Amino acid sequence: MGPKAKKSGRKKRKITKAERLKQLQEEEERRQKEEGTKYTVLLFSYARNITVEEARVKYEKEEMERLEIQRIEKEKWQQLEAKDLERRNEELEELYLLEGCFPEAEKLKRDTRLLSQWKHYIQCDGSPDPSKSPEINTFISLWKEETNETLEEVIAKSKLVLNLIDKLKLILLETPPYDLEDKNIAQYQGSILELQELLHLKFNIATEMLLRQASTLADLDSGNMEKVIQDENVTLYVWANLKKNPRYKSVRFSETQIGFEIPRILATSDIALRLLHTHYDHVTPLRPVPTSLQEHTATVTHFVKDEVQNEEAAISRELQEEGKQRENESNSVQEEETKFEEEGDSEVQMSFVQEEPEATKFELEMKLLSETVLSAQLLLIENANEKPCFFEDNEVDLCQFTTLGGVYHLDTLELPPQCKPMKGWMIVEILKEGLQKYIYPPETTEDVETENAFPPIEVTLEVQKNVIFFEDPMVARWDAEGKHWQTDGISNVSYKSEERLITFSLETFGPVTLIQDSHINMPFQSWELRPLDVNKVLLTVTTVFTEIQIQIKENLCMLASIKLNNKKHSSILEGKWMTPISFICTLKEAGLNIFPSGHSHFYVVINYKDPLVEMKAYRQLALLSSAFAFGWSKWNIVCNSKKVIVKLKEHLTEEPTQKPNWTLLMFSGDRAQRLKINEDSEAFSEALQEETEFHSTLYHMVKDFASKKAMEKIRSSNCQVIDSVCYMLLSTRLLSYS
């Protein structure tokens, strides 16, 4: 065996008593700590179980309460719907009677049109009736035969001609489509074009007569002739270049800034410059009457006429049967009755039979008229399906832009042979061709060496004072070949708003006009409709640039005030009462266009509403406008296209309320309800106002909380006022364009 291993020299140290006690103490602390942790975990687990259980119980309780509330609300909603459905027919019948004011107003308008023809007939003032083709044709023929008229005489005669043109345009606009025949439309439009062309021809002939005498009217200082004629409808500037001074390149009329900067070639030529500013536009083609409008209205009218004929036939059969029964009853009369009594009975029976068909016929006529009016109103707010197409890049879209301030006819004319005095006589050579235009620049430029011999002509014009431009106006020139306005060939446009002067360079002369975006005031920022006095209403429309107030009474409208940038702006239109259609045309011509067209939705972001719902809302707002004020609500944008929301309050005083307490109404065409929210609410909700009900019409909705005086005022309103208010609402389309 090998040797044994040696034992280690170190001996295991013995643990002392103090160290042993310390170890035991540490183990005890560690054990207690572990037991404490287990106890804490157990307590936490127990508490958590208790919290989860309580949360579960609480959730179940809240869910049961919520479901119970929903059940109660659903039952209440169903009860309200059932109640609304139960009385719907009754409410709609009452509304139909109230809306009888629309056909009644239309009947009055028909009578007014007939009365105006009769008044013109008995006046015997020598002016023709423009609606009568023989009279207007005779007037045109006789005026064509008149010769040697001066410019002053033509301008005086133009007032009558412009009046006839306006009358024809109003006939086309004011006569409902169901009363207009195609042959009448063609006749009226043909007469308008003939009058416009003849009027311009007369101005040319009178200008030629003036230019023949240019040498006798020459200015002593410049040696050239200058003539300025100003009228309410026309402003004429004529300058004849008699001296042909190459240094005389700046032409200014009557110490004004209006005039031209002409090139050297014109300054040395036998020419005349004419600026004929017509405050009307006879250049833009007439807009045709939409065929779809006529076809749709004719369809509705034909349908209603068939219905009326069927009812008339049924009534006729009933009357025949009643007549036979009365004959049988009369045969059974006792013989002892006197002959006088028999005759008296027969007269009573015949009068009864005659009165009943007449009353029935009147009801049927009013029903027919009501349906046609309803159809025409709906067509007023229908949107076009297609955007108009244009084939040239520079062509002006007349659905997007409007010509304002009339037309400036700029012409370079060849100076005709001058009058020469001879032995007390004035000898003048009259050219067979008449007044000739001087072509600038010429069609052939072979003899001209320099390339810049025909520079653009600088023109300075005065903007008509009665027209409002919210932005710098754009200039457009007339393309005679394409028959449209164009923006090319015009450069260096500058506008001085304070002096109302616009300067630009024109490559070639011709008619020019100023244009503005038709939708510059759309969409609207807000609106308000409130009653003023008995049968008088005020409509306020606020846009980005302006605030327009319109008063409405009977069948008339008036511009009450205009504010531009929150400042009062005076206008010659203020205080002038006009029929709604004339008023709308006048506002458009003044640059205050707040009336969307069928194509406007292609150029403006709108709050689309269903046309039928929108039309019903306007009709019923008009019915209530004599006793209630209505206004724009921000929630109308939030709700869907099948519903409209307006704010309203009872308004029986003429002065506006300082702190009005508005109520919100939501209307879907067949249901009206008060909303729980207000204008200051943070979120939209269709929740019903507490202790209120549904109704089929706005009239019956407000009837629940309106005063007796307000309802009496509504029922006694003038039918013409209601119709005019409705027409203005349909024309402005406030619910879709604000």
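Residues numbered from 1 in each chain as written. Predicted model: local features only at pLDDT ≥ 70, side-chain atom pairs only at ≥ 80, totals over all residues. Heavy atoms only, no water.

1. Things to note about the overall build of the protein chain
- Looking only at helices and strands, the protein chain has 13 helices and 23 strands in total.
- Per-residue burial for the protein chain yields a buried fraction of 41% across its 738 residues.
- Accessible surface, the protein chain: about 43400 Å² in total, of which carbon and sulfur atoms supply 51%. (Helix = DSSP H or I, 4+ residues; strand = E, 2+ residues; numbered from the N terminus. Buried < 20%, exposed > 50% of the residue type's maximum accessible area, 1.4 Å probe, protein only. Areas by Shrake-Rupley, 256 points an atom, 1.4 Å probe, with all protein chains shown as cover.)

2. As for the side chain of S131
- Along the chain, the position of S131 falls in the loop between α2 (101-123) and α3 (133-145).
- There is a polar contact of 2.8 Å between the side chain of S131 and the side chain of D129.
- Not counting the four nearest positions on each side in its chain, S131 is found in contact with Q117, L168, I171, Q187 and Y188. (Polar contact = N/O pair within 3.5 Å; in protein donor to acceptor, adjacent residues only side chain to side chain. Contact = heavy atoms within 4.5 Å.)

3. Structural notes on the packing of α3 against helix α5 (residues 182-212)
- Taken N-terminus to C-terminus, the directions of α3 and α5 make an angle of 15°; their axes are 11 Å apart at the nearest point. For the element pair α3 / α5, the angle class is roughly parallel. Seen from above, α3 lies across α5 with left-handed handedness. Between α3 and α5, the contacting residues are S133, I136, N137, F139, I140, W143 and K144 on the first element and Q187, S191, E194, L195, L198, L199 and K202 on the second.
- Across the contact of α3 with α5, the residue classes break down as 7 nonpolar, 4 polar and 3 charged. (Axes fitted to C-alpha atoms, helices over the stretch in contact; angles between N-to-C directions. Parallel < 35°, antiparallel > 145°, perpendicular 65-115°, else oblique. Left-handed = near helix turned anticlockwise from the far one by under 90°. Nonpolar A, V, L, I, M, F, W, Y, C, P; charged D, E, K, R; others polar.)

4. Quick look at a nonpolar patch on the surface
- A cluster of nonpolar residues, L115, W118, Y121 and I122, forms a patch on the protein surface that exposes about 470 Å² of accessible area.
- Along the chain, the position of L115 falls in helix α2.
- With relative accessibility at 42%, the residue L115 sits in the partly exposed group. (Patch = residues over 30% accessible without salt bridge, like charges linked within 9 Å, V, L, I, M, F, W, Y side chains within 5 Å. Salt bridge = Lys/Arg side-chain N within 4 Å of Asp/Glu carboxyl O.)

5. Remarks on helix α13 (residues 719-732)
- Taking 1.5 Å of rise per residue, 14 residues should cover 20 Å, and α13 covers 20 Å from first to last C-alpha, within 8% of that figure.
- Counting buried positions along α13 yields 13 of 14 residues, so the element is predominantly enclosed.
- Sitting at the amino-terminal end of α13 is N718, which places a side-chain oxygen 2.7 Å from the backbone nitrogen of Q720.
- Immediately beyond the C-terminal end of α13, within one or two residues, lies R733, with a positive phi of roughly 50°. (Expected span 1.5 Å × (residues − 1).)

6. Concerning the nonpolar core
- Core analysis: the largest hydrophobic core is formed by 74 residues, its most contacted members being I550, F628, F630 and M728.
- The contacts of F628, once residues within four sequence positions are left out, are L529, R530, P531, L648, K649, E650, H651, V702, F705, A706, A710 and I714.
- Counting residues in hydrophobic clusters, the runner-up holds 36 residues, among them L162, I192, L211 and A240. (Core = buried A, V, L, I, M, F, W, Y, C linked by side-chain atoms within 4.5 Å.)

7. Observations regarding helix α10 (residues 611-624)
- Along its 14 residues, α10 runs 20 Å from first to last C-alpha, staying within 8% of the 20 Å computed at 1.5 Å per residue.
- For α10, the buried fraction is high: 12 of the 14 residues fall into the buried class.
- Restricting attention to buried positions, one finds in α10 the residues P611, V613, E614, M615, A617, Y618, R619, Q620, L621, A622, L623 and L624.

8. Focus: the packing of helix α4 (residues 151-174) against helix α9 (residues 580-589)
- Between α4 and α9, whose axes approach to 10 Å, the crossing angle comes to 115°. For the crossing formed where α4 meets α9, the hand is right-handed. Taken together, the residues of α9 that come into contact with α4 (itself represented by L170, L173 and E174) are I581, S582 and C585.
- Of the residues that constitute the contact of α4 with α9, the class distribution is 4 nonpolar, 1 polar and 1 charged.

9. What to know about the pairing of strand β16 (residues 536-542)
- Taking burial as the measure, the 7 residues of β16 include 6 buried ones, the bulk of the element.
- Sheet analysis places strand β15 (residues 526-531) next to β16, joined by 6 bridges and oriented antiparallel. Within the sheet, the bridge partner assigned to L529 lies in β16 and is L539.
- Following β15, the chain reverses through 4 residues before pairing antiparallel with β16; N535 in that reversal takes a positive phi of roughly 55°.
- Pairing of β16 with strand β17 (residues 546-553), which is carried by 7 bridges, proceeds in the antiparallel orientation. Across the sheet, the residue bridging to L539 is I550, located in β17.
- Taken together, β16 and the strand that follows it, β17, pair antiparallel across an intervening segment of 3 residues. (Pairing = 2+ DSSP bridges.)

10. Remarks on the pattern of salt bridges
- Summed over the entire model, instances satisfying the criterion amount to 32 salt bridges.
- For R87, the salt bridge identified is with E91, shortest N-O distance 3.4 Å. Of the two residues, R87 and E91 both sit in helix α1 (residues 17-98), 4 residues apart, roughly one turn of that helix.
- Note on E91: relative accessible area 5%, which makes it buried.
- Between K159 and E232 there is a salt bridge, with the nearest N and O atoms lying 3.8 Å from each other. Of this pair, K159 sits in helix α4 while E232 sits in the loop between β1 (225-230) and β2 (234-240); the two residues are 73 residues apart in sequence, bridging distant segments of the chain.
- Relative accessible area serves as the criterion here: at 57%, E232 is assigned to the exposed category.
- Here the salt bridges share partners, and the residues they tie into one network are E106, K109, R110, R113, D179 and D723.

11. Details of the sheet that holds strand β20 (residues 628-631)
- Pairing in this open sheet of 9 strands is antiparallel, and the strands run β19-β18-β17-β16-β15-β20-β21-β22-β23 from one edge to the other. With one partner strand each, in any of the chains shown, β19 (567-569) and β23 (672-674) form the two edges of the open sheet. Each strand axis lies, on average, 25° off the axis of its neighbour in the sheet, ignoring direction.
- With 8 bridges connecting them, β17 and strand β18 (residues 556-564) associate as antiparallel partners. When the sheet's bridge partners are listed, I552 is paired in β18 with C557.
- The sheet contacts of α10 involve β20, β21 (644-650) and β22 (663-667), and relative to β22 the element is tilted by about 140°.
- Together, β15, β16, β17 and β18 form the strand contacts of α13, whose direction differs from that of β17 by roughly 155°.

12. What about the confidence of the model for the protein chain?
- Averaged over every residue, the pLDDT of the protein chain is 84; residues scoring 70 or more account for 84%.
- In this model, residues 4-9 is a region of pLDDT below 50 whose contacts with residues beyond four sequence positions or in other chains number 0 contacts.
- Within the model, the stretch residues 332-353 combines pLDDT values under 50 with 4 contacts to residues more than four positions away or in other chains. (pLDDT = per-residue confidence, 0-100.)

13. Points about the environment of Y178
- Inspection of the secondary structure assignment puts Y178 in the loop between α4 and α5.
- Relative accessible area serves as the criterion here: at 18%, Y178 is assigned to the buried category.
- For the pair Y178 and A376, spaced 198 residues apart in sequence, the C-alpha to C-alpha distance is 8.5 Å.

14. Structural notes on the packing of aromatic side chains
- This structure, assessed with the given rule, holds 10 aromatic pairs.
- An angle of 35° between the planes, with centres 6.4 Å apart, marks the rings of F139 and W143 as tilted. Here F139 and its partner W143 are both found in helix α3, 4 residues apart, which amounts to about one turn of the helix. With respect to class, F139 is no different from W143; both count as buried.
- A cation over a ring is seen here: K553 above W577, with NZ or CZ 4.5 Å from the ring centre.
- Positioned above the aromatic ring of W662 is the side chain of K649, whose terminal nitrogen or guanidinium carbon lies 5.1 Å from the ring centre. (Phe/Tyr/Trp six-rings, centres within 6.5 Å; stacked < 30°, edge-to-face > 60°. Lys NZ or Arg CZ within 6 Å of the ring centre and 35° of its normal.)

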